[in-house]
4 protein chains.
Amino acid sequence: MLHFDTDYMRGCHPEVLERLAQTNMEQTPGYGKDEYTARAKELVLEACGLDKVTGDVVFLVGGTQTNTTVIDLVAGRYDGVISADTGHINVHESGAVEASGHKVIALPSHGGKMDAGELDSWFSAFYADDSHEHMVRPGVVYITFPTEVGTVYTKNELTAIHEVCDKWNTPLFIDGARLAYGLAASADVSLKVIASIADVFYIGGTKCGTLFGEAVVTRHPEWFGHIVSHIKAHGALMAKGRLLGIQFATLFENDLYLRIGRNGVDTAMALKQGMLERGFELFMDSATNQQFFVLPNELLDRLLPEVSFELWGPRCASHTPVRFVTDWATTQTDIENFFKLLD
Amino acid sequence: MLHFDTDYMRGCHPEVLERLAQTNMEQTPGYGKDEYTARAKELVLEACGLDKVTGDVVFLVGGTQTNTTVIDLVAGRYDGVISADTGHINVHESGAVEASGHKVIALPSHGGKMDAGELDSWFSAFYADDSHEHMVRPGVVYITFPTEVGTVYTKNELTAIHEVCDKWNTPLFIDGARLAYGLAASADVSLKVIASIADVFYIGGTKCGTLFGEAVVTRHPEWFGHIVSHIKAHGALMAKGRLLGIQFATLFENDLYLRIGRNGVDTAMALKQGMLERGFELFMDSATNQQFFVLPNELLDRLLPEVSFELWGPRCASHTPVRFVTDWATTQTDIENFFKLLD
Amino acid sequence: MLHFDTDYMRGCHPEVLERLAQTNMEQTPGYGKDEYTARAKELVLEACGLDKVTGDVVFLVGGTQTNTTVIDLVAGRYDGVISADTGHINVHESGAVEASGHKVIALPSHGGKMDAGELDSWFSAFYADDSHEHMVRPGVVYITFPTEVGTVYTKNELTAIHEVCDKWNTPLFIDGARLAYGLAASADVSLKVIASIADVFYIGGTKCGTLFGEAVVTRHPEWFGHIVSHIKAHGALMAKGRLLGIQFATLFENDLYLRIGRNGVDTAMALKQGMLERGFELFMDSATNQQFFVLPNELLDRLLPEVSFELWGPRCASHTPVRFVTDWATTQTDIENFFKLLD
Amino acid sequence: MLHFDTDYMRGCHPEVLERLAQTNMEQTPGYGKDEYTARAKELVLEACGLDKVTGDVVFLVGGTQTNTTVIDLVAGRYDGVISADTGHINVHESGAVEASGHKVIALPSHGGKMDAGELDSWFSAFYADDSHEHMVRPGVVYITFPTEVGTVYTKNELTAIHEVCDKWNTPLFIDGARLAYGLAASADVSLKVIASIADVFYIGGTKCGTLFGEAVVTRHPEWFGHIVSHIKAHGALMAKGRLLGIQFATLFENDLYLRIGRNGVDTAMALKQGMLERGFELFMDSATNQQFFVLPNELLDRLLPEVSFELWGPRCASHTPVRFVTDWATTQTDIENFFKLLD
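Remember, predicted model here, so these are calculated numbers, not experimental data.

1. Things to note about unusual backbone geometry
- For the bond from Phe145(A) to Pro146(A), the omega torsion is -5 degrees, close enough to zero to count as cis.
- Even without glycine at this site, Asn254(C) takes up a positive phi of about 55 degrees.
- Note that Asn254(C) resides in the loop between helix H11 (242-251) and helix H12 (256-277).

Structure, rendered in structure tokens:
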């Protein structure tokens, strides 16, 4: 059976597993005070064009945890977080952000993206409102790269959002749960570009080749002054922190993170092209490892015993939108095998 | 100068003040354990068609405090609260509801009201969604009576919402910050009707004749088992609780609450009728003590030195929506004096 | 019947009531944007030796609310608050401080007071502990003046605590719920002294002559940059904010606050002296309006039908500690009438 | 170099690693909806003498996360949690429990243990106090097995605490971060005994052979009705939940959990006996994998370049308490090698 449900169905990339196995019986200090974590921090900072003076990195376990821990760190006590209405924090995190006291302020999304002009207008209207002290003050702007529907902001779009954030003195947080695939799909946004635009962002591991783990990077190292306590108060501090260090060190040695992103995107593009050639309609035009098609229900029913994927929303009368996801492990053979089911 | 900005610009109704003055030097136990509070509870329950066995009442100080304390009591730990997008909790409470961990789930509003059919569809879609465990579970439905734009639900509309809530096993909370005016404006919704439909609701005092104070009523007295600690943990327990008791006892003796509502609505209707007669356009058709008109900017500028009221949103190019609010103290003379400025 | 249970059994001082009554029908803006509140701020700042540039004031409704709102403002996100173990926040606030995420770190109390040397040692040990990142970081030091058992710090003691706080870069918050009585009892601590030592403190109204209300004063006005939203998120923003302004303006005109404190202490001293003359034992030696005696149980039983007061802890075998509280309204006649019951 | 600092310095038990490697490239659903997790739940329930009707299990990542998630689930909204003052939640969790609104109520510890009689007295005094509504209501009792200092409750002691909890209608939560070692050390407390006494407890993985992971078990399955949302709101839901399932399934197949506990305790006993034979003093008499000795400082200084362990508190004048920890991987050869450094 073929599986295209999502990109966190397997364990981790074999190179990552190998390093975990090699180091398994070594004894190191806990809570990220080990050499592997130190090495991973160096590698990540270097890949981001930062160093120990100009930036800082911490490693967390999962995406929702990272979003809530970062937002709760960066935003003021009861500040809100501005997000596209399709943003992960607004839809699929069981209220974790509100659980620590922060309202999600939803702006319209355009193919998953926030528009810089609309963001600016929102800020203008907010501060022009006489009663804004009675409203939720925006403490951080949150966007995803790539978005929940596989699209990527251009460098110009990111820069425009960043300028609005700066204008209104509000930090920008980029959720990079699928960053590897976004970078591989983008013409002009590299990791260094992300790191220079976001005030804080994270490099996703869970969906991009590790067993688990997200690397939070900031170019405001002073924000991490008491970060260990903050993380622990969120229940998010891993005892064997080196597991995160080892995995991220592996991702950022030998270009593994790039290779992972590339594989996800290459197989996704092969899938998309083959579907278009076969006359299927795109539900959404995505450049990354998530692909959205509209399938006739009879085909859908015929496929489901042999290939798994997600219905994107409720089943419709005759044709239903679906999502296929590739990842670091998907092969061109998988794509071809899927096409055999169609042809 | 005439003031129609809002209904909390004065102190309290003279009958309330008189009772506070009469009892001022008496010594009573604190925290609502006094006889005045006991009497107020009896009177409120009776007015609601309830008694000590079938209902319970507590008194809080302010509206936002009441909303967050009640929602945090009634909803599960990180449950959300469904509200019309214009709902006070969604717009004007500085994130107090999220501060205690509850997301506000916004539904479209129709003249300030939530639609029972849309609510039902929302629940259906939520529970049909395979990933709803990753979304915010709705723990309570919140509506306002009257709404933020002065409209009132009919008894049928309330009943329909209530039935949807029951169907989905979710309690209904009615915010009655301006309840006196809503009841006075309604053809078929009495306090007893509210009390029989809402699982929990509050009778507004601050905007309806008291210095401060809101009476929270439930027909599930078991929900109030540890209510004192809950209120105090919210910083909302008044030391001299009798101040609340005395004020609410006064409101519910001699029909004062009805008289207050009636006066607010009568003067508002005189204002509305006079404006219509003078050819002004309604921005929104309200039956209660908030009235919304569209004024030409030149008139607006001429009026502002002599009468205060709120612009309803930003000033527009030629005509701007405005809000006028009457209350328990507004007189027909006030309305006539305002008309003199127009004529 | 005579009542010495506590100092919040009556309404408010007649001069305060008179001002509330005089202004009752005036119309002013809400939420503390009125002239009375502005005037009260001026008067309070002046009494504290501060002005608009060097300090700021906000008014809240009650003590627990004030403690939790201030601590949550001043301490970092999950920082703890150091308190004597007898501190009000540690004992009698239903967990309101923890409700907003802050652990109360309890130090031994000595007659209700914290010892500066012990505080310094605690800080030393904390930061010397290798695992202090896994412990709760102290974000603020909280003391009460006067303490929960009626004692007052000397100026030297306060200064010593302040120096420790400064040494460890941690602000000092003084809870002045009964400040009027503490100031009246102190030889060398004036309001100006408090204001120059505390980073933030509050002047209690509820127990010192107002219906309700506490004035929070800081000499770090930048801390109050978004204070309205913060207060509202705590459900603590009063709609008719002028009620607080009017009451505090009255307290700080014509030396009313001083007179109130003086009356409470004078009557308490008369009570104490009379009890000592009659051979009763002090349970605790208090200089303020709370007095603690040890009464034989037979006397206690004889008194209770005619005078109310608090047992201080559970009833003991033969003699039981009790607390008597005087206030702004207690008269020397009340004390004499009580003595008649004894003689 | 020898390391006895703690029991989370290595990766995982080789049998666990092997299973993770074997299954690495399989594709399974996320968030614990896979077959491995289902199998692990079955095995854990069976080992606890429970089944799907009488109990339930969920898997979390780490200990602090588990404590705060469980306490926040089981205790009422602002209820406190009673713990020995040495309890992990009271000392070493950076305020994670308070972060979700729950005060830790500390009782004296006796060699790390809570005393049932003292607990009962505390409850009696609490509910006898007239002002207990103003205090923090106890919502759950928390103990650790084994304790933070390596001691274990006897079955009688656990039963006595359980009876007090039942008497006061308060659930008992047992933190089993090092449960494997506690069970191996105990004469009469088996996993089934723990499961029949605790209302909810967890079986520690992180310190007992897994890379990470804790299994939360309850005999009140109805408490887990919305557990996925609750876990996710705490940022604690692992995307690749099968990693937890695979590890716990491995622990509970082939008696691995028992073997792990046995090895930790056997090597600890060899260490203790050798130290006693060599004339060293115990700082605390522990039956489990943590051993506490008092070492002369000159020896300590001589050892530190060749063996790592923890100072237990600050270094003292001539002799300093130290902690040595063994685990599933410690060998008798490690112990002998250590002794060679002494002899």
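2. Here's the deal with helix H14 (residues 332-342) of chain A
Residue and element names in this part refer to chain A.
- When H14 is considered as a whole, its buried residues turn out to be Asp334, Ile335, Phe338, Phe339, Leu341 and Leu342. Considered in projection along H14, the buried side chains sweep an arc of 150 degrees and stay on one side of the axis.
- Looking at the packing, one finds that the buried side of H14 touches strand E1 (2-3), helix H12 (256-277), helix H13 (297-303), strand E11 (307-308) and strand E13 (319-325).

3. A word on the interface of chain D and chain A
- In this assembly, 40 residues from chain D lie in contact with 40 residues from chain A.
- Taken together, the two surfaces of chain D and chain A that pack against each other cover about 3700 Å², and 58% of this comes from carbon and sulfur.
- When the area that chain D buries against chain A is broken down by residue, the three leading residues are Arg10(D), Gln27(D) and Lys240(D), summing to 20%.
- Where chain D packs against chain A, one counts zero salt bridges.
- Linking chain D to chain A there are 24 residue pairs in polar contact (both at pLDDT 80 or more).
- Of all the elements in the fold, those that place two or more residues in the side of chain D that touches chain A are helix H1 (14-22), helix H3 (63-74), helix H5 (96-99), helix H10 (227-233) and helix H11 (242-251) of chain D.
- The dominant element in the side of chain D that touches chain A, judged by the number of residues it contributes, is H10(D), at three residues.
- The residue inventory of the side of chain D that touches chain A, partitioned by class, reads 19 nonpolar, 15 polar and six charged.

4. Quick word on the relation of the copies chain B and chain D
- Superposition of chain B onto chain D requires a rotation of 180 degrees combined with a translation of 0.0 Å along the rotation axis, giving an RMSD of 0.0 Å. The transformation just described matches what one would write down for a two-fold rotation axis. Measuring from the rotation axis to each C-alpha of chain B, the shortest distance belongs to Arg77(B), at 3.5 Å.
- Most of the interface of chain B is mirrored in chain D: 100% of its interface residues are interface residues there too.

5. Here we look at the packing of helix H1 (residues 14-22) of chain A against helix H11 (residues 242-251) of chain A
Residues and elements named next belong to chain A.
- Where H1 meets H11, the axes come as close as 9 Å, and the angle between the chain directions of the two elements is 135 degrees. The orientation of H1 relative to H11 falls into the category oblique. When you trace H1 past H11, the crossing you get is right-handed. Between H1, through Glu15, Val16, Arg19 and Leu20, and H11, the contact on the second element is made entirely by Leu243, Ile246, Gln247, Thr250 and Leu251.
- Here the contact of H1 with H11 is built from residues that sort into five nonpolar, two polar and two charged.

6. As for the sheet that holds strand E10 (residues 290-296) of chain B
Residue and element names in this part refer to chain B.
- Spatial ordering of the open sheet is given by E9-E10-E13-E12, a layout of four strands whose pairing is antiparallel. Of all the strands in the sheet, the pair left with one neighbour each is strand E9 (281-284) and strand E12 (310-311).
- Relative to strand E13 (residues 319-325), E10 runs antiparallel, the two sharing seven bridges. Bridging from a neighbouring strand, glutamine 290 pairs with valine 325 of E13.
- Most of the contacts of helix H12 (residues 256-277) go to E10, to which it runs at about 25 degrees, and overall it touches E9, E10 and E13.

7. A few points about the side chain of Thr320(B)
Residue and element names in this part refer to chain B.
- If you trace the backbone, threonine 320 turns up in strand E13.
- Engagement of the side chain of threonine 320 in a polar contact is seen with the backbone nitrogen of cysteine 316, the distance being 3.0 Å.
- If near-sequence neighbours (up to four positions away) are discounted, threonine 320 is found in contact with Phe293, Val294, Leu295, Asn297, Leu300, Leu311, Pro314 and Arg315.

8. Let's talk about the relation of the copies chain D and chain A
- Rotating chain D by 180 degrees and moving it 0.0 Å along the rotation axis overlays it on chain A with an RMSD of 0.0 Å.
- Most of the interface of chain D is mirrored in chain A, where 100% of its interface residues again form contacts.

9. Comments concerning the sheet that holds strand E2 (residues 56-60) of chain A
All names here are of chain A.
- Taken together, the seven strands give an open sheet; going across it, the order is E2-E8-E7-E6-E5-E3-E4, and neighbouring strands pair in mixed fashion. Either end of the sheet is taken by a strand with one partner, and the two such strands are E2 and strand E4 (104-107). Within the sheet, the average angular offset between the axes of one strand and its neighbour, ignoring direction, is 25 degrees.
- Inspection of the sheet shows strand E3 (residues 80-84) paired to strand E5 (residues 138-144) by four bridges, in the parallel sense. For valine 81, the partnering residue across the bridge sits in E5 and is valine 140.
- The sheet strands contacting helix H6 (residues 116-128) are E3, E4 and E5, and the helix crosses E5 at an angle near 165 degrees.

10. Looking at the pairing of strand E10 (residues 290-296) of chain C
All names here are of chain C.
- Where burial is concerned, most of E10 is hidden: seven out of the seven residues are buried.
- The pairing of strand E9 (residues 281-284) with E10 spans three bridges and is antiparallel. When the bridges of E10 are listed, glutamate 281 appears paired with valine 294.

11. Quick notes on the interface of chain B and chain D
- Of the residues lining the interface, 18 residues belong to chain B; the matching set on chain D comes to 18 residues.
- Summed over both partners, the interface of chain B with chain D buries about 1700 Å², with 51% contributed by carbon and sulfur atoms.
- Considering only the side of chain B, the residues that lose the most area to chain D are Arg77(B), Glu133(B) and His134(B), jointly responsible for 37% of the buried surface there.
- Summed over the shared surface of chain B and chain D, the number is four salt bridges.

12. Considering the nonpolar core
- Core analysis: the biggest nonpolar cluster contains 133 residues, and Phe201(B), Ile203(B), Phe201(C) and Ile203(C) have the highest contact counts within it.
- Leu107(A), Ile143(A), Phe59(D) and Val189(D) belong to the second largest nonpolar core, which has 132 residues in total.

13. Details of the pattern of salt bridges
- If you walk through the whole model with that rule in mind, you get 68 salt bridges over all chains.
- Of the charged contacts in the structure, one is a salt bridge between Lys272(B) and Asp285(B), with a shortest N-O distance of 2.7 Å. With Lys272(B) in helix H12 and Asp285(B) in the loop between E9 and E10, this pair connects stretches of sequence that are 13 residues apart.
- Salt bridges sharing common partners tie together Arg39(A), Glu42(A) and Glu253(A).

14. A few points about helix H3 (residues 63-74) of chain A
All names here are of chain A.
- In a regular helix each residue adds 1.5 Å, so twelve residues correspond to 16 Å; H3 covers 16 Å between its end C-alpha atoms and thus fits that length.
- Counting buried residues in H3 gives ten out of twelve residues, a clear majority hidden from the surface.
- Those residues of H3 lying buried are Thr64, Gln65, Thr66, Asn67, Thr68, Thr69, Val70, Ile71, Asp72 and Val74.

15. Details of the packing of helix H12 (residues 256-277) of chain D against helix H14 (residues 332-342) of chain D
Residue and element names in this part refer to chain D.
- Contact pair H12 / H14: the axes reach a minimum separation of 9 Å and the direction vectors enclose 20 degrees. Here H14 runs roughly parallel to H12, going by the angle between their axes. Where H12 crosses over H14, the two elements pack in a sense that is right-handed. In contact with Asp266, Thr267, Ala270, Leu271, Gly274 and Met275 of H12, H14 contributes Gln332, Ile335, Phe338, Phe339 and Leu342.
- Of the residues contributing to the contact of H12 with H14, the split by class is seven nonpolar, three polar and one charged.

Analysis parameters
- Along every chain, residues carry numbers that run from 1 in the direction the sequence is written.
- Just so you know, chain letters begin at A and ligand numbers begin at 1, following the order they were written in.
- With pLDDT at 70 or above as the cut-off, local features in this predicted model cover only qualifying residues; side-chain atom pairs require 80 or more to be listed or tallied, and sums for whole chains, interfaces and linings still use all residues.
- Side-chain numbers come from the whole structure's heavy atoms, not from hydrogens or water.
- Secondary structure follows DSSP: runs of H or I at least 4 residues long count as helices, runs of E at least 2 residues long count as strands, and numbering of each begins at the N terminus.
- For every residue, the accessible area (1.4 Å probe, protein chains only) is compared with the maximum for its type, and the residue is labelled buried under 20%, exposed over 50%, or partly exposed between those bounds.
- Comment: arc refers to directions from the helix axis out to C-beta atoms.
- The criterion used for residue contact is that any of the two residues' heavy atoms lie within 4.5 Å.
- Accessible area, probed at 1.4 Å, shrinks when two parts are joined; the buried area is that loss added up over both.
- Salt bridge, as used here, is a side-chain nitrogen of Lys or Arg placed within 4 Å of a carboxyl oxygen of Asp or Glu.
- By the criterion applied in these results, polar contacts are pairs of N or O atoms within 3.5 Å in which, for protein atoms, one can donate a hydrogen and the other can accept it, and in which residues neighboring in sequence qualify only through two side-chain atoms.
- Asp, Glu, Lys and Arg are counted as charged, while Ala, Val, Leu, Ile, Met, Phe, Trp, Tyr, Cys and Pro are counted as nonpolar; the rest, among them Gly, fall into the polar class.
- Superposing copies: least-squares fit, C-alpha atoms only, residues required to have pLDDT of at least 70 in both.
- Between N-to-C directions, angles cover 0 to 180 degrees, with each direction set by a line fitted to C-alpha atoms, over the stretch in contact for helices.
- To sort the angles, those under 35 degrees are grouped as roughly parallel, those over 145 as roughly antiparallel, those from 65 to 115 as roughly perpendicular, and the leftovers as oblique.
- Whether a crossing is left-handed or right-handed is set by the direction in which the near helix is turned from the far one by less than a right angle, anticlockwise for left-handed and clockwise for right-handed.
- The rule for pairing is simple: two strands pair if DSSP sees at least two bridges between them.
- Here the nonpolar core consists of buried residues drawn from Ala, Val, Leu, Ile, Met, Phe, Trp, Tyr and Cys, with membership extended through side-chain atoms lying within 4.5 Å.
- Any helix carries an expected span of 1.5 Å times its number of residues minus one.

Worth remembering: the numbers are spatial, not functional.
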